[in-house]
Amino acid sequence: MTENPAAAPEHLDVLIVGAGLSGIDAAYHVSSAFPERSYAILEMRDSLGGTWDLFRYPGIRSDSDMYTLGFGWKPWKGKKAIADGADILSYLKEAAREHGIDRRIRYHHKLVRAEFSSADARWTVTVERTDTGETLQLTAGFLFSTSGYYSYEKGFTPDFAGIDDYAGRVVHPQAWPEDLDYQGKRIVVIGSGATAVTLIPSLAQSGAGHVTMLQRTPTYIIPQPLTDPLSYRMLHTLPAAVASRLVRGRYLALGIGFYEFCRARPNEARKLIRTMSERMLPDDVSYDEHFTPPYDPWDQRLCVVPRGDLFKALREHTVDIVTDHIDTFTTEGIRLRSGRELQADIVVTATGLNLQVFGGVELAVDGEPVRLPDTMAFKGMMLSDIPNFAFIVGYTNASWTLKADLVCQYVVRVLQRMEKTGARVVVPRKDPAVAEEPFLDFEAGYVMRSLDRFPKQGAVAPWKLKMNYFRDLRVFGKAPTDRELEYSA
């Protein structure tokens, strides 16, 4: 790589890292509150959209309703409550274009290092141009990481025995090949999470010869309507502000209410999920064998199937489901511990993500490298002893954007307080007596594999993460004068 010489690095008041859903949300809030301030969004890829541009596998869709996944400042008005990836990407592009955010995105800019200087009250960041290999430096008064929590480089695939002997094609959904011809082919999809239950019926409906869902452990799967005619009518007949509040409030109450019900009364929740799903299965598919996880509802994320499309494919026998452990890959497919062999022309490893904190950037403060596991998350959005820095990690039990909106609004209030008081630095300081807990209280495999690389959360507020939007409204709704925040000139 070559160094780009410059007399003085360009300075920005706010630097946002990542042009996905969170980055667009952050840009809207910052630019609306401070139209006179300079800001930019660094995006390492060649397009905005984040997840919704990266993933291209058949059937890609959200498993959250769009009335809460959509921005609070741009109500979703599409017909589908559960939207396709292409529709979500179009929505994000429209939102960015309408507010001039797209003109502030610097594509092919990957943040690799950021160091804060207390003396200068600013970050110096090193950026790599992913298209040319050139490096450059910028400075910023405030650094806002909106790059999510997983690596865009590649998804997670376990080290399966014998996989090198397999004569067919192995594909991970995160890197779906544009030229993949699966027409008439036998496909085994390994996995039982949101990606698998989305991909499998789509493959079956679009020409695959036969699809087998191979899972080690079942997941709670519930059917949900694809559209919501009542909400659609409200959004197109009532005043926009009124309709948006009513529809969003309705979905918030239903989603969070169901989550709290599952956590408080798991046995009743199991029975309800069974009632909703079992009646849609064919007689030759056992609910107990294939749809009864060994954990309580919402210990891991529930999977939504619009209009029960996975169950429909099982009834039509274009899809079957196998619950077993993989012994080894063979030349023709996969041999299971039970001795059964699944023949496959294509194997899809819908086996999860590789988690990565803040896009893998190296952080330092006054020359000292930051070890993220040594820090604690303040309100799930700032880090102890890291000045002028915030990040967005959304809810695991609700729409990502709900948390993103709260964080963005809080950051704006912090910046407003700094402006009013003349402070140049804000930093959370934790009480050493606060006990540490894992950052994410979530038992999904891809989370458990990587928790040791994440910051900690605390055992008490405001260091303990909330997974309830209504409770967080109170936590984030306060003026940013929390005693844990230290402001200085």
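Attention here is on the structure that accompanies the text.

What counts, and at which threshold
Residues numbered from 1 in each chain as written. Predicted model: local features only at pLDDT ≥ 70, side-chain atom pairs only at ≥ 80, totals over all residues. Heavy atoms only, no water. Helix = DSSP H or I, 4+ residues; strand = E, 2+ residues; numbered from the N terminus. Buried < 20%, exposed > 50% of the residue type's maximum accessible area, 1.4 Å probe, protein only. Expected span 1.5 Å × (residues − 1). Pairing = 2+ DSSP bridges. Right-handed = clockwise from strand over helix to strand, strands pointing away.

Notes on unusual backbone geometry
Here is step 1 of the chain: In this model, alanine 461 is joined to proline 462 through a cis peptide bond whose omega is 0°.
Here is step 2 of the chain: For proline 462, the location among the structural elements is in the loop between β24 (456–458) and α13 (469–477).
Here is step 3 of the chain: A positive phi angle is found at tryptophan 298, which is not glycine, with a value near 75°.
Here is step 4 of the chain: Tracing the sequence through the fold places tryptophan 298 in the loop between α9 (287–290) and β11 (303–306).
Here is step 5 of the chain: For tryptophan 298, a relative accessible area of 11% puts it in the buried group.

Section: helix α1 (residues 21–33)
Here is step 1 of the chain: An ideal rise of 1.5 Å per residue puts 18 Å on 13 residues; α1 measures up with 19 Å between its terminal C-alpha atoms.
Here is step 2 of the chain: Every buried residue of α1 is listed here: Leu21, Ser22, Gly23, Ile24, Asp25, Ala26, Ala27, Tyr28, His29, Val30 and Ser31.

Notes on the pairing of strand β9 (residues 210–215)
Here is step 1 of the chain: Summarising burial for β9: five of the six residues are buried, a large majority.
Here is step 2 of the chain: In terms of strand pairing, strand β8 (residues 186–190) meets β9 through five bridges, oriented parallel. Bridged to valine 188 within β9 is threonine 212.
Here is step 3 of the chain: Read from β8 through helix α5 (residues 194–205) to β9, the crossover connection turns out right-handed.
Here is step 4 of the chain: Note: β9 against strand β12 (residues 319–323), five bridges, orientation parallel. Looking at the pairing, valine 211 lines up with valine 319 of β12.

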